[in-house]
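Structure at a glance
Now for the letters of each chain:
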Amino acid sequence: MSANTDRHENAVARYFEAWNAGEPEALAKAVAAAWATDGTYTDPLADIGGHDGIAALITAAHEQFPGFAFRLSGAVDGHHDTVRFSWELVSEADGSAPVAGFDVITLDADGRIRSVLGFLDRVPAGA
């Protein structure tokens, strides 16, 4: 594995740690570890920035989908400071995955996320 591959995979691992953090303190710590202070997150349903905004978005996702966890789906692919990967939102009860998408992230010099551009491939009606 190249240094960039390790850097890309580590950034994605921290990203999922943040999305799967349950308690507010753990979530704040995970967001700070994954995102740059002025990091952003944009998808068809959200356009926010900063640690507090990102943590609020993650909290809202957990409230909308209790008992679900975000999981990597496939390989992490990247070059330079850009990384792309697919993910699913998986029910811990039955393994169903009603939501899926892919994200493209850019990293700062420290390997923290500067921006996320998210795309939704599968979303249940009414979500």
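In the annotation of an unreviewed UniProt entry, the protein is listed under the name Nuclear transport factor 2 family protein and assigned to Streptomyces coacervatus.

**Regarding the pattern of salt bridges**
In total, this model carries three salt bridges according to the counting rule given. A salt bridge links Asp81 to Arg7; its shortest N-O distance comes to 2.8 Å. Of this pair, Asp81 sits in the loop between strand 4 (77-79) and strand 5 (82-91) while Arg7 sits in helix 1 (residues 3-20), placing them 74 residues apart in sequence. Classification of Asp81 as partly exposed rests on a relative accessible area of 30%.

**Comments concerning the nonpolar core**
With 30 residues, the main nonpolar core has Tyr15, Trp35 and Ile105 as its most contacted residues. With six residues, helix 1 is the single largest residue contributor to this core. Sequence-distant contacts of Ile105, that is, excluding residues within four places in its chain, are made with Ala11, Val12, Asp81, Thr82, Val83, Phe85, Ile113, Ser115 and Val116.

**Let's talk about the side chain of Asp103**
With respect to the secondary-structure elements, Asp103 resides in strand 6 (residues 99-107). Here Asp103 sits buried without a salt bridge, and the closest side chain of opposite charge, Arg84, lies 12 Å off (N-O distance). Side-chain polar atoms of Asp103 contact the side chain of Tyr15, separated by 2.3 Å. In contact with Asp103, not counting residues within four places along its chain, are Tyr15, Val83, Arg84, Phe85, Trp87, Val116, Leu117, Gly118 and Phe119.

**Focus: unusual backbone geometry**
A positive phi is found at His80, a non-glycine position, where the angle reads about 50 degrees. Relative to the elements of secondary structure, His80 occurs in the loop between strand 4 and strand 5. Look at His80 and you get exposed, because its relative accessible area is 61%.

**Brief notes about the UniProt feature "domain: SnoaL-like" (unreviewed entry) in the protein**
Cross-referencing UniProt, the feature "domain: SnoaL-like" (unreviewed entry) maps to residues 12-115 in the present numbering. Within residues 12-115, the helical portion is 34% and the strand portion 41%, while the C-alpha atoms at the span's ends are 12 Å from each other.

**As for the packing of helix 2 (residues 24-34) against helix 3 (residues 50-64)**
At a closest axis distance of 10 Å, the pairing of helix 2 and helix 3 adopts a crossing angle of 125 degrees. Relative to helix 3, the element helix 2 lies oblique. Crossing handedness for the pair helix 2 and helix 3: right-handed. Residues Leu27, Val31 and Ala32 of helix 2 lie in contact with helix 3, whose contacting residues are His51, Ile54, Ala55, Ile58 and Thr59. Taken together, the residues of the contact of helix 2 with helix 3 sort by class into six nonpolar, two polar and no charged.

Reading the values: rules and limits
- Residues numbered from 1 in each chain as written.
- Predicted model: local features only at pLDDT ≥ 70, side-chain atom pairs only at ≥ 80, totals over all residues.
- Heavy atoms only, no water.
- Salt bridge = Lys/Arg side-chain N within 4 Å of Asp/Glu carboxyl O.
- Helix = DSSP H or I, 4+ residues; strand = E, 2+ residues; numbered from the N terminus.
- Buried < 20%, exposed > 50% of the residue type's maximum accessible area, 1.4 Å probe, protein only.
- Core = buried A, V, L, I, M, F, W, Y, C linked by side-chain atoms within 4.5 Å.
- Contact = heavy atoms within 4.5 Å.
- Lys, Arg positive; Asp, Glu negative; His and termini not counted.
- Polar contact = N/O pair within 3.5 Å; in protein donor to acceptor, adjacent residues only side chain to side chain.
- UniProt positions renumbered as here; feature names shortened; annotations may be inferred.
- Axes fitted to C-alpha atoms, helices over the stretch in contact; angles between N-to-C directions.
- Parallel < 35°, antiparallel > 145°, perpendicular 65-115°, else oblique.
- Left-handed = near helix turned anticlockwise from the far one by under 90°.
- Nonpolar A, V, L, I, M, F, W, Y, C, P; charged D, E, K, R; others polar.

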